[in-house]
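Analysis of the macromolecular model
Chain by chain, the residues:
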Amino acid sequence: MSTRDAIALVLLIGASATAVAQSPAFGVGRPATSEDIRDLGSAIAPDGTGLPKASGSVAEGRAVFALRCAKCHGPKGEGDVGPTLVGGRGTLPTPRPLKTVGSFWPYATTVWDYVNRAMPFDEPGLLKPHEVYAVVGYILNINGIVADDGVMDATSLPKVKMPNRDGFVADPRPDVGKPVK
Amino acid sequence: MDPSSRRRFLQTGAAAGASILAGRQKAFGLDTPGKLGIPLGPYGERSPYEKAVRWRRESRTPETGSSFAPLQDSVGTLTPSALHYERHHAGIPTIDPAKHRLVIHGLVDRPLTLTMADIRRLPSVTRTLVLECGGNSGGEWQPRTGADVQRSYGLVSCSEWTGVPLSLVLAEVGVRRGASWVIAEGADACRMERSIPLAKAMDDILLAYGQNGEALRPAQGYPLRLIIPGWEGNTNVKWLHSLKLTDQAYMARDETAKYSDLMPDGKARIFTYQMEAKSVITFPSGGQTLPARGLYELTGLAWSGRGRITRVEITIDGGRSWTAARLHEPRQPIAFTRFRLPFRFDGRDAVIASRAVDESGYVQPTREELIAVRGMNSIYHFNGIKFWKVQADGTVTNVDA
């Protein structure tokens, strides 16, 4: 009952706020500028929304990887301090699943988004957009997903079909936990 | 008074004074008898005799990882902010609240930039809520598990959180038709990102700036974080600086590659936000010792992301029979509920466990029931019944360790 009370309370607040949604009730803050939005919230959607204009080749990505990534992920992405980036295809239904970009990640845009926001681990944000395209292309190449002469940009990257694209299902819980007798 | 009686009086008085002084010197455990204590201080510290600390594994990258709350040392139902579990992906940022900004943008009528002062001007709510890492007890899927309750179950804590309903702020910006998701991003080095359904954002999510009566600790997202009642910790984005309204989930690394639950058929469940009912005995628990035979108070913690705990049952015979425990009141929804039951240790082995039931009717399952459906590789959302073995010599071990 009190969960409902708590939710009802919040809904009540939400409802009263929604009722005046056409104009702000409190008028706090200031309009967000394009600089505010550019500096924060650089998220990339799976359809490619948000990807910048730039491009990078697999060959360029090999050099970026050797310089910026290999010290943690191994020279060939085999893993070290950082996780393994290659292999694992076919292992997901086995007792020893190896979840890598190649075997598990459903969208290439996610690799771009994550490398751009979080890598290199000790210097995130270091890579320029063309370097991110290039190194993502290289990581996809060593996984056999992008050809040796591949070039990644805002058009080609979202079109990459990752091997495990269809490997995710909705949450069916509660699936375990019988009702009380 | 003749001189001899006066002398006797003085001697008696001196003796009485000496005995009073001796009595004061005997104060149990006082390390500076007869001396003043330390002066008052501006910010409190616990007694130097209290040693409960978080536990974390050795790591070559100490900025990323988890630290586990010492549940075995906890009393009551709140976790001290200083002992709240941690899960960080790129270290703890130091943020000047005067310069911090929250930008709300995307599919909104009025993209808005808010300072902390703006946010604190808005009507606030306060709720006591449990926060649990989606990976808490992840080791329990495997045959060898943590030796004690801290290492097995310590990625969970309970705090009083204060903040502004996100629905209220979304009303301020005016959500556009077609928006169905909110992409939340933190200001930590990796700019942690999660996709959250708009329906939940309009329901009960908080933009929280307060924890246990003061500002959030840096490790808990200072100066601003999401608090999402009942959902896995990772979605409760810390150091929040961006909310983007979108028409699609963004399939972030931490909702696809991580925090998805791999099933035996090789498919992974995605957006497994909900935390389910769970409980664990904190005394007696692994690593502890009962010093002698006799009567003890068995105690532990229960919680559910779906609401209030309605019942906790205890077994001391390995699950053959169960007895209802007493629950501490008030039982708040999605918060720690402490349970207790008298336990007589008679010098014989006892395999003990707790089983929680929540107001949705959900019964905490066994590890075997979970594995039968989900296999052993799902990492996340383990909420199985936890057995400890009280051995004849009074030592307590993890049955599965």
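Rules used in this analysis
- Residues numbered from 1 in each chain as written.
- Chains lettered and ligands numbered in written order.
- Predicted model: local features only at pLDDT ≥ 70, side-chain atom pairs only at ≥ 80, totals over all residues.
- Helix = DSSP H or I, 4+ residues; strand = E, 2+ residues; numbered from the N terminus.
- Buried ≥ 20, exposed ≤ 12 C-beta atoms within 10 Å, placed from the backbone.
- Contact = placed C-beta atoms within 7 Å.
- Nonpolar A, V, L, I, M, F, W, Y, C, P; charged D, E, K, R; others polar.
- Pairing = 2+ DSSP bridges.
- Axes fitted to C-alpha atoms, helices over the stretch in contact; angles between N-to-C directions.
- Parallel < 35°, antiparallel > 145°, perpendicular 65-115°, else oblique.
- Left-handed = near helix turned anticlockwise from the far one by under 90°.
- Domains from an automatic or database assignment.
- pLDDT = per-residue confidence, 0-100.
- Core = buried A, V, L, I, M, F, W, Y, C linked by C-beta atoms within 7 Å.

Here we come to the overall build of chain A. On a plain count of helices and strands, chain A comes out with seven helices and four strands. Starting at the N terminus and ending at the C terminus, chain A contains elements arranged as α-β-α-β-α-α-α-α-β-α-β. Here chain A holds 181 residues, and the buried ones make up 38% of them. Long-range pairs, those at least 24 residues apart, make up 58% of the contacts in chain A with a sequence separation of at least 6.

Of all 11 residues that make up helix H5 (residues 108-118) of chain A, 11 are buried, and the element is covered over most of its length. The set of residues buried in H5 of chain A consists of Ala 108, Thr 109, Thr 110, Val 111, Trp 112, Asp 113, Tyr 114, Val 115, Asn 116, Arg 117 and Ala 118 of chain A. Residues of H5 of chain A that are buried sit in contact with helix H6 (129-142) and helix H7 (156-159) of chain A together with strand S8 (193-197) and helix H6 (253-256) of chain B.

Turning our attention to the interface of chain B and chain A. Each side of the interface is counted separately: chain B has 69 residues, and chain A has 56 residues. Taken together, the residues of the side of chain B that touches chain A break down into 29 nonpolar, 19 polar and 21 charged. Pairing geometry for strand S4 (residues 168-169) of chain A and strand S14 (residues 268-269) of chain B, over two bridges, is parallel. Counterpart to Val 169 of chain A in the pairing with S14 of chain B is Arg 269 of chain B.

This brings us to the packing of helix H3 (residues 58-68) of chain A against H6 of chain A. Residue and element names in this part refer to chain A. At a minimum axis separation of 7 Å, H3 and H6 run at an interaxial angle of 95 degrees. Considering their axes alone, H3 and H6 lie roughly perpendicular with respect to each other. Note on element contacts: H6 touches H3 through Glu 131, Ala 134, Val 135, Gly 137, Tyr 138 and Asn 141, opposite Val 58, Glu 60, Gly 61, Arg 62, Val 64 and Phe 65. Among the residues forming the contact of H3 with H6, the class breakdown is six nonpolar, three polar and three charged.

The subject of this paragraph is the sheet that holds S14 of chain B. Pairing is mixed across the open sheet formed by three strands, whose spatial order is S4(A)-S14(B)-S13(B). Of all the strands in the sheet, the pair left with one neighbour each is S4 of chain A together with strand S13 (261-262) of chain B. Sheet topology note: the S13 of chain B/S14 of chain B ladder contains two bridges and is antiparallel. Bridge pairing links Asp 261 of chain B to Arg 269 of chain B in S14 of chain B.

Residues and elements named next belong to chain A. With their axes 10 Å apart at the nearest point, H5 and H6 run at an angle of 130 degrees to one another. Overall, the two elements H5 and H6 adopt an arrangement that is oblique. Judged by the sense of rotation from one axis to the other, the crossing of H5 with H6 is right-handed. In contact with Ala 108, Val 111, Trp 112, Val 115 and Asn 116 of H5, H6 contributes Val 132, Val 135, Val 136, Ile 139 and Leu 140. The residue makeup of the contact of H5 with H6, split by class, is nine nonpolar, one polar and no charged.

We now examine the environment of Phe 283 of chain B. Residue and element names in this part refer to chain B. Mapped onto the fold, Phe 283 is located in strand S15 (residues 278-283). Residue class for Phe 283 comes out buried when judged on the 21 C-beta atoms lying within 10 Å of it. Sequence separation between Phe 283 and Ser 152 is 131 residues, and the spatial gap between their C-alpha atoms is 14 Å. Other than its neighbours up to four places away in sequence, Phe 283 contacts Gln 72, Gln 288, Leu 298 and Thr 299.

We now examine the domain arrangement of chain B. Interface extent is often summarised as the accessible area lost during association of the parts. Residues and elements named next belong to chain B. Its domain assignment divides chain B into domain 1 (65-269) and domain 2 (278-398). Spacing between the C-alpha centres of domain 1 and domain 2 amounts to 27 Å. Contacts between the two partners involve 31 residues from domain 1, matched on the other side by 31 residues from domain 2. Of all elements in the fold, only strand S5 (125-132), helix H3 (149-153) and S13 reach the threshold of two or more residues within the side of domain 1 that touches domain 2. A class-by-class count of the residues in the side of domain 1 that touches domain 2 yields 14 nonpolar, 14 polar and three charged.

This part is about unusual backbone geometry. With an omega of -10 degrees, the peptide bond running from Met 119 of chain A to Pro 120 of chain A counts as cis. As for its placement among the helices and strands, Pro 120 of chain A is situated in the loop between H5 and H6. Here Phe 283 of chain B and Pro 284 of chain B are connected by a cis peptide whose omega angle stands at -5 degrees. For Met 251 of chain B, which is not a glycine, the phi torsion comes out positive at approximately 50 degrees. Examined against the element boundaries, Met 251 of chain B turns out to sit in the loop between strand S12 (240-246) and H6. Since 20 C-beta atoms lie within 10 Å of it, Met 251 of chain B is described here as buried. Unlike most non-glycine residues, His 381 of chain B shows phi in positive territory, near 60 degrees. A tally of 27 C-beta atoms within 10 Å means that His 381 of chain B is categorised as buried.

With that out of the way, let us pick up the pairing of strand S22 (residues 387-390) of chain B. Residues and elements named next belong to chain B. Inspection of the sheet shows strand S21 (residues 350-358) paired to S22 by four bridges, in the antiparallel sense. Among the inter-strand pairings, Ile 352 is bridged to a residue of S22, identified as Trp 388. When S22 meets strand S23 (residues 396-398), the two strands line up antiparallel, connected through three bridges. Within the sheet, the bridge partner assigned to Val 390 lies in S23 and is Val 396. Connecting S22 to the next strand, S23, in antiparallel fashion are five residues, including Gly 394 with a positive phi near 95 degrees.

This next bit is on the confidence of the model for chain A. On average, residues of chain A score 89 in pLDDT, and 85% of them reach the 70 mark or higher. Counted against residues more than four places away or in other chains, residues 1-21 of chain A, with its pLDDT under 50, gives 31 contacts.

Okay, the sheet that holds strand S16 (residues 294-303) of chain B next. Sheets are built from strands that pair by backbone hydrogen bonding, the pairs being arranged parallel or antiparallel. Residue and element names in this part refer to chain B. The strand order across the open sheet built from four strands is S15-S16-S20-S19, with neighbouring strands paired in antiparallel fashion. Edge positions in the open sheet fall to S15 and strand S19 (326-327), since each of these has one partner strand only. Judged from the five bridges that link them, S15 and S16 form a sheet pairing that is antiparallel. Residue Phe 283 lies in a different strand from S16, and its bridge partner there is Thr 299.

Summary statistics for chain B give a mean pLDDT of 93 and a share of 93% for residues scoring 70 or more. At the level of chain-chain contacts, confidence expressed as ipTM amounts to 0.91, with global pTM at 0.91.

With that out of the way, let us pick up the nonpolar core. One finds Val 135 and Val 136 of chain A to be the most contacted residues of the largest nonpolar core, which totals 135 residues. Ranked by the residues each element gives to this core, the list is headed by H6 of chain A, at nine residues. Here this core spans two domains, since at least three of its residues come from each of domain 1 (65-269) and domain 2 (278-398) of chain B. With residues up to four places along the chain from it excluded, the contact list for Val 136 of chain A reads Ala 108, Val 111, Trp 112, Val 115, Met 152 and Leu 157 of chain A. With six residues, the next largest nonpolar core counts Trp 141, Tyr 259, Leu 370 and Tyr 380 of chain B among its residues.

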